[in-house]
Amino acid sequence: MSRGWKITVIALAGAGVVSTPLLWLLDGSGTGQLVGASVQAAVAVAALLWALFQRPAPSGPTDSADRTGTATGGGVTGIRRPGGRGSGSATAERTGDARGPDSVSGIDYTD
């Protein structure tokens, strides 16, 4: 769930929890109104709890490189993200040797 949707659900659920007793108390209390208000408040509380326990959606792909070979003459052993483009995480572990000019071992964010 995105952060914007989570905030929206929390705000609407909070409004439902607060408005239910207010409307019930201001309008007079009948048995049917009490039951309706209780159900409405229970749904609002459930929506609030559901939204609070949602984890954020991943921001992008996950790139990983492990146990790569040798880079020579400008090569990359690992991950190349020119100019830092791309979202999500990138991890490089136990990458190979980088030999020669402009060779990179790990993660390359340069242009």
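Description of the structure in this document. Bear in mind that the values here come from a model prediction, so they are computed numbers and not experimental data.

**Overview of the overall build of the protein**
Helix and strand counts for the protein stand at two helices and six strands. Secondary structure of the protein in N-to-C order comes out as α-α-β-β-β-β-β-β. Residue pairs at least 24 apart in sequence account for 67% of intrachain contacts in the protein once pairs closer than 6 positions are excluded. Of the roughly 7,600 Å² that the protein leaves accessible, carbon and sulfur atoms contribute 61%.

**A closer look at a nonpolar patch on the surface**
Taken together, the side chains of Val45, Leu49, Leu52 and Phe53 present a nonpolar region at the surface, about 400 Å² in accessible area. Looking at the element boundaries, phenylalanine 53 is found in the loop between helix 2 (31–52) and strand 1 (63–66). Residue phenylalanine 53 is classed as exposed on the basis of its relative accessible area of 67%.

**Let's talk about the environment of glycine 106**
Structurally, glycine 106 can be placed in strand 6 (residues 104–108). You can call glycine 106 buried: its relative accessible area is 9%. Between the C-alpha atom of glycine 106 and that of arginine 94, which follows or precedes it by 12 residues, the distance is 8.4 Å. The residues contacting glycine 106, other than those within four sequence positions of it, are Val76, Thr77, Gly78, Ile79, Ala92 and Thr95.

**Considerations on helix 2**
Over its 22 residues, helix 2 runs 32 Å from end to end, which matches the ideal 32 Å to within 8%, given 1.5 Å per residue. For helix 2, the complete set of buried residues consists of Ala37, Ala44 and Ala51. Angular distribution of buried residues about the axis of helix 2 spans 60 degrees; they occupy a single face of the element. Seen from the open side of helix 2, the exposed residues pointing more than 90 degrees away from its buried face are Thr31, Gly32 and Val43.

**Some thoughts on the pattern of salt bridges**
Summed over all chains, the structure comprises two salt bridges. Note that arginine 94 and aspartate 66 form a salt bridge whose closest N and O atoms lie 3.4 Å from each other. A residue pair is termed long-range when its members are at least 10 positions apart, and arginine 94 in the loop between strand 4 (90–93) and strand 5 (98–99) and aspartate 66 in strand 1 qualify at 28 residues. A relative accessible area of 53% means that arginine 94 is categorised as exposed. Aspartate 97 is paired through a salt bridge with arginine 99; the nearest N and O atoms lie 3.1 Å apart.

What counts and what doesn't
- Residues numbered from 1 in each chain as written.
- Predicted model: local features only at pLDDT ≥ 70, side-chain atom pairs only at ≥ 80, totals over all residues.
- Heavy atoms only, no water.
- Helix = DSSP H or I, 4+ residues; strand = E, 2+ residues; numbered from the N terminus.
- Contact = heavy atoms within 4.5 Å.
- Areas by Shrake-Rupley, 256 points an atom, 1.4 Å probe, with all protein chains shown as cover.
- Patch = residues over 30% accessible without salt bridge, like charges linked within 9 Å, V, L, I, M, F, W, Y side chains within 5 Å.
- Salt bridge = Lys/Arg side-chain N within 4 Å of Asp/Glu carboxyl O.
- Buried < 20%, exposed > 50% of the residue type's maximum accessible area, 1.4 Å probe, protein only.
- Expected span 1.5 Å × (residues − 1).
- Arc of directions from axis to C-beta.

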